[in-house]
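# Secondary and tertiary structure notes
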Amino acid sequence: MRDLRARLDALAARDQRRELRSTHGVDLTSNDYLGLSTHPRIRDALIDALTRGAPHGGTGSRLLSGQHAAWSDLEARFAAWQGADAALYFATGFGANTGLIASLAQPDDVIVSDALNHASLIDGARLSRAERVIVPHGDVHAVDAALTARPGRNAWVVIESLHSMEGDEPALLPYVEVCERHGARLIVDDAHATGLDGPQGQGLVVRDGLRERVFASVHTCGKALGQSGAFVVGSQDLIDWLVNAARPFIFSTAPAPFLAAGLHAAIDVVSSDPELRARPRALADRLRNGLRGRVDTGRSTGPIVPLIVGTNAAALALQSKLATRGWDARAIRPPTVAEGASRVRVVMRAPLTEAQVDSLVGDVCAAI
Ligand SMILES: Cc1ncc(COP(=O)(O)O)c(C=O)c1O
C-alpha cells in the first residue's frame, strides 16, 4: 500500500494525478460531436428493440451463445456503408485496435507506428511482439525511410486519420502510396472522423476514395455515433481471421443485442444529415479564427482544438479558469500527450451555438 501511495504522491507532485469527475458546465470535452448520445431517434430505436424482446444481456462470447443475427446484420450494413467486403463489431475501440494489431502482426514482422498513436494502437503493437519503429507524427517520409531500411520484411503501418489529441489530419494518400511501394499494409484508425466526414459520414478513408487501398480501418461508435464499441472494416479474410484470432473479440462477452438497433439509427441519422455533420468543423474554424495569435492551437484543422499551454500546471490552471466561467474543458497531460505539450483539449460539438463559441474565445483569451 505504501508503495502505491508513494506512486500516487509522485504523480501529484508532477500535477499528473487524475481523478474521476462528472461533467459540470458546457460540454467541451466529450467526443459526442453531434450530440447523438441523447438523440431521441436513437433512444426510441433502443427502447423499441427492448420492447420487441431483444436481449439486454450478451450471455457469452460471440463464438458461443453471444452470436445473434442483430450483430451480423449490423456488420453487413456497416460494411456496405463503408464500401467494404466485411466488418466486425467489437465492444470497445480499445479492444478493436489491440485485437486487430496483435492478431495480425507476427514477431518477425515490423510495425511502423506514428509517435502520437492512441494507446490502444500502441498496446496492440506491443502485444504482437513485432519490431516497432516509431516515426514522428504525420511524417510519411519517415515511414518511407523506415520501410526502405527493412527490405523484404512483412510490414504494417499504423496511423490515426483525424488525430484524437492534435486535431490534425495528415493526408492519407501519401501513406497509401508509400505502403504500396513497399508492399506494406496500412491500418487507419478512423475513430474521430467516423460519423463526421465523407459523403455519408463514413470517415476519411472513404472521403479520400481509399477504401480499396487501405488494409483495415477502425471506426469507433463512442464518438460521433453517440454510443460505444467499434467496427473493424476490411476484407472477408481479415474479418474471418479476427473471429479466429482477436483475443478481445473471442474472450469477452458479446455486446447486448438490443444495442445494435441504436447503431442502425445512428447510421441513419448521420447518413441523412450533412448539415449536422458539417457543424463541428465550422464551429472549430470559428474558434480557431477567434484565437489566432493568442493561443497555440497546434496543427489542428478538425473539430478538436487543443489549447497548448506547455506545462501540466498551466493546463490545470486554464482548465479551472474556464470552469469558473461555466465551461467543462479538460487538461490533457503526459502520458496522453508528450512532455511539455500539455493542453486543454476543446471539442467543438454540433449542439453548441456560434454565440457560445464567441464567448468561449473571450474567456480563453482572458484566462491565458
Ligand atoms: C484514436 C482512438 N482510437 C481508439 C479509441 C478507443 O475507442 P473506445 O473509446 O471505443 O475504446 C479512442 C478513444 O478513446 C481514440 O481516440
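As the structure is a prediction and not an experimental result, all values here were calculated from the model. Per chain, residue numbering runs from 1 following the sequence as it is written. For this predicted model, a pLDDT threshold of at least 70 governs which residues receive local features, and a threshold of 80 or more governs which side-chain atom pairs are given and counted, while totals over whole chains, interfaces and linings are taken from all residues. Only hydrogens and water are set aside when side-chain values are computed; all heavy atoms of the structure are taken into account.

Turning to the sheet that holds strand β6 (residues 185–189), a few remarks are in order. The criterion for strand pairing is that DSSP finds at least two bridges linking the strands in question. Helix and strand definitions follow DSSP, with helices as H or I runs of at least four residues and strands as E runs of at least two, each counted in order from the N terminus. Overall, mixed pairing links the seven strands, which are arranged β2-β8-β7-β6-β5-β3-β4 in an open sheet. Each of the sheet's edge strands pairs with one partner strand only, and the pair in question is β2 (86–90) and β4 (131–135). For this sheet the average axis-to-axis angle between neighbouring strands, irrespective of direction, equals 20°. Both strand β7 (residues 216–220) and strand β8 (residues 230–234) contribute to a ladder of four bridges, which runs antiparallel. Within β8, the position partnered with Thr220 by the bridge is Ala230. Residues count as neighbours in contact if any of their non-hydrogen atoms are within 4.5 Å of one another. For helices, the fitted line uses only the C-alpha atoms of the stretch in contact; every axis is such a line through C-alpha atoms, and the angle between N-to-C directions lies from 0 to 180 degrees. Against the sheet, helix α6 (residues 140–148) contacts β3 (110–114), β4 and β5 (155–160), and its axis sits at roughly 150° relative to β4.

Our next topic: the sheet that holds strand β9 (residues 304–310). The strand order across the open sheet formed by three strands is β9-β12-β11, and the pairing between neighbours is antiparallel. Every other strand in the sheet has two partners, leaving β9 and β11 (330–332) as the edge strands with one partner each. Each strand of the sheet is rotated relative to its neighbour by a mean of 35°, with strand direction disregarded. Here β9 pairs with strand β12 (residues 342–347) via six bridges, running antiparallel. The residue bridging Gly310 from the neighbouring strand is Ser342, located in β12.

Planes of paired rings set the category: under 30 degrees apart is stacked, over 60 is edge-to-face and the rest tilted, where pairs are Phe, Tyr or Trp rings (Trp by its six-membered ring) whose centres lie within 6.5 Å. A full pass over the atoms with the stated rule returns six aromatic pairs. Ring centres of Tyr89 and Phe231 lie 5.0 Å apart, and the angle between their planes is 50°; on these two criteria the pair is classed as tilted. Of this pair, Tyr89 sits in strand β2 while Phe231 sits in strand β8, and the two are 142 residues apart along the sequence. Only protein chains enter the accessibility calculation, which uses a 1.4 Å probe; a residue whose area is less than 20% of its type maximum is buried, one above 50% is exposed, and one in between is partly exposed. Residue classification places Phe231 among the buried residues on the basis of a relative accessible area of 1%.

Take the domain arrangement of the protein chain next. Each domain's limits were defined by an automated method or a database of domain assignments. According to the domain assignment, the protein chain consists of domain 1 (19–36 + 273–367) and domain 2 (54–271). Spacing between the C-alpha centres of domain 1 and domain 2 amounts to 26 Å. Each partner contributes residues to the interface: domain 1 has 22 residues there, and domain 2 has 25 residues. Across the interface of domain 1 and domain 2, roughly 1,900 Å² is buried in total on both sides, 51% from carbon and sulfur atoms. By definition, a salt bridge exists where a carboxyl oxygen of Asp or Glu is found within 4 Å of a side-chain nitrogen of Lys or Arg. Viewed at the interface, domain 2 and domain 1 are joined by three salt bridges. As used in this structure description, the phrase polar contact means that two N or O atoms lie within 3.5 Å; if the pair is within protein, one of them must be able to donate a hydrogen and the other to accept it, and residues adjacent in sequence are counted only when both atoms belong to side chains. Counting the contacts that link domain 1 with domain 2 gives 15 residue pairs in polar contact (both at pLDDT 80 or more). Elements represented by at least two residues in the side of domain 1 that touches domain 2 include exactly α12 (274–291), β9 and β12. At four residues, the largest contribution of residues to the side of domain 1 that touches domain 2 is made by α12. Each residue is assigned to one class: nonpolar for Ala, Val, Leu, Ile, Met, Phe, Trp, Tyr, Cys and Pro, charged for Asp, Glu, Lys and Arg, and polar for all the others, Gly among them. Looking at the side of domain 1 that touches domain 2, its residues break down into 10 nonpolar, five polar and seven charged. Reported buried area values correspond to the accessible surface (1.4 Å probe) lost by two parts on association, with both partners' losses combined.

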